[in-house]
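# Observations on the three-dimensional arrangement
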Amino acid sequence: MDDGALGHSSSILRYALSAEEADGLCTVAQTALAAQGSPAKSPFYEGLEEHVHRIPESICPVLKEFKDSSSLGALRISGVRVDPDRCGPTPASWQEAVDDRRQELEEAQLALLASGLGEVFAWPTLQRGRMVQNLLPVESDREQQSGHGSVALDWHTEDGFHEDRCRYLALLGVRNLDRVPTTLGTVNDLRLTGEHRSVLSERRFRIRPDLEHLRQLATFAPDSEMLRRAREMHENPEPAALLFGDAEAPFLRIDAPYTTAPAGDDEAAEALAAIVDELTRAQRDVVVGEGDVLIVDNYRAVHGRRAFEPRFDGTDRWLKRMSVAGRRLPKATAGPDARVLAI
Ligand SMILES: O=C(O)CCC(=O)C(=O)O
Ligand SMILES: [Fe+2]
């Protein structure tokens, strides 16, 4: 099923900002930037509530409807003010974009919307703990299962291996000239047999961390406790259930390339294959184009990306990404990296 027209499909809530709402959000973002510093850093988010409360009032019920729903897997808000010329050409790597402040206004708008749903955080292993990450194709990563590859990115819960994974993943399109879709699969759309559901609800599966976390840790913190823990999660992951929570409206957790059933457990292997097939059958494509925000409920939906032909000429697809926690963050570590969580 493709992107379709504006409206309300069963699992994606769509909302188009009016010109006034878009201007209103942009103005609040400007004020927040002046008061809070860079959205790439933790301190921007301390006391941000005051600014979140000033975003146009009509946007708040949309965020609330999404947050309170037990059937929606994603929210798409279109019409956010993005200026791709001021943002500059798509960088060739995330490293190149780490200290670039030209997209602050876009990042602040995304941060305000994301903060309307919960507390924003980052991992130290991804893009040096930058609170807003840059997703763009990197030439040397073409074949990687990551936001920097250009092959099809398989079904995954963001950081599905981790107990503290985000509740919401928020994406903003800076540039997407070829309209390359993000893919979405929502737990509500799955038609599974009772038997498969019950097997998937048992702790019979292992979800390993994706290699990007390990690769980054090995580079910048080779002797750390974090690397030791990440290796342990890779070599000896805790068994997990892929469906969990309320049996009537379960949550979902899977990372297709990194999820396995135990050797010899044919029942689990069959149920795993069934859920991956169902996700693909019920797949929705959502284009995150210039000025579109897509917020995925990381407990009710999984996502991926279609394969595409990268250009590597400064006009490539470029999204901004941030993670929102489903609970309050520990306050004990207030400081410049307060929101960069230990893995
Ligand atoms: O590029 C996309 O549309 C999604 C990338 C992705 O899965 C991610 O950044 O977590
Ligand atoms: Fe992802």
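Residues numbered from 1 in each chain as written. Chains lettered and ligands numbered in written order. Predicted model: local features only at pLDDT ≥ 70, side-chain atom pairs only at ≥ 80, totals over all residues. Heavy atoms only, no water.

### Structural notes on unusual backbone geometry
Although it is not a glycine, Arg128 adopts a positive phi angle of roughly 55°. Here Arg128 is to be found in the loop between β3 (120-121) and β4 (133-135). (Helix = DSSP H or I, 4+ residues; strand = E, 2+ residues; numbered from the N terminus.)

### A closer look at the environment of Arg300
As for its placement among the helices and strands, Arg300 is situated in the loop between β13 (293-297) and β14 (301-305). When its relative accessible area of 9% is taken as the criterion, Arg300 is described as buried. Separated by 289 residues in sequence, Arg300 and Ser11 place their C-alpha atoms 9.5 Å apart. When neighbours within four sequence positions are excluded, Arg300 is seen to be in contact with Ser69, Ser70, Leu72, Gly73, Arg167, Gly185, Thr186, Val187, Ala249, Pro250 and Phe251. Looking at Arg300, its side chain comes within polar contact range of the main-chain oxygen of Ser70, at 3.5 Å. (Buried < 20%, exposed > 50% of the residue type's maximum accessible area, 1.4 Å probe, protein only. Contact = heavy atoms within 4.5 Å. Polar contact = N/O pair within 3.5 Å; in protein donor to acceptor, adjacent residues only side chain to side chain.)

### What about the confidence of the model for the chain?
When pLDDT is averaged along the chain, the result is 93, and 96% of the positions lie at 70 or above. Confidence over residues 1-8 falls short of pLDDT 50; this stretch has 19 contacts with residues more than four positions distant or in other chains. (pLDDT = per-residue confidence, 0-100.)

### Structural notes on the pairing of strand β15 (residues 318-324)
A large share of β15 lies buried, amounting to seven of its seven residues. The two faces of β15 match: Trp318, Lys320, Met322 and Val324 on one face and Leu319, Arg321 and Ser323 on the other face are all buried. Pairing between β3 and β15: two bridges, direction antiparallel. Paired with Val120 across the bridge in β15 is Val324. Both strand β6 (residues 168-175) and β15 contribute to a ladder of seven bridges, which runs antiparallel. Among the inter-strand pairings, Leu171 is bridged to a residue of β15, identified as Arg321. (Pairing = 2+ DSSP bridges.)

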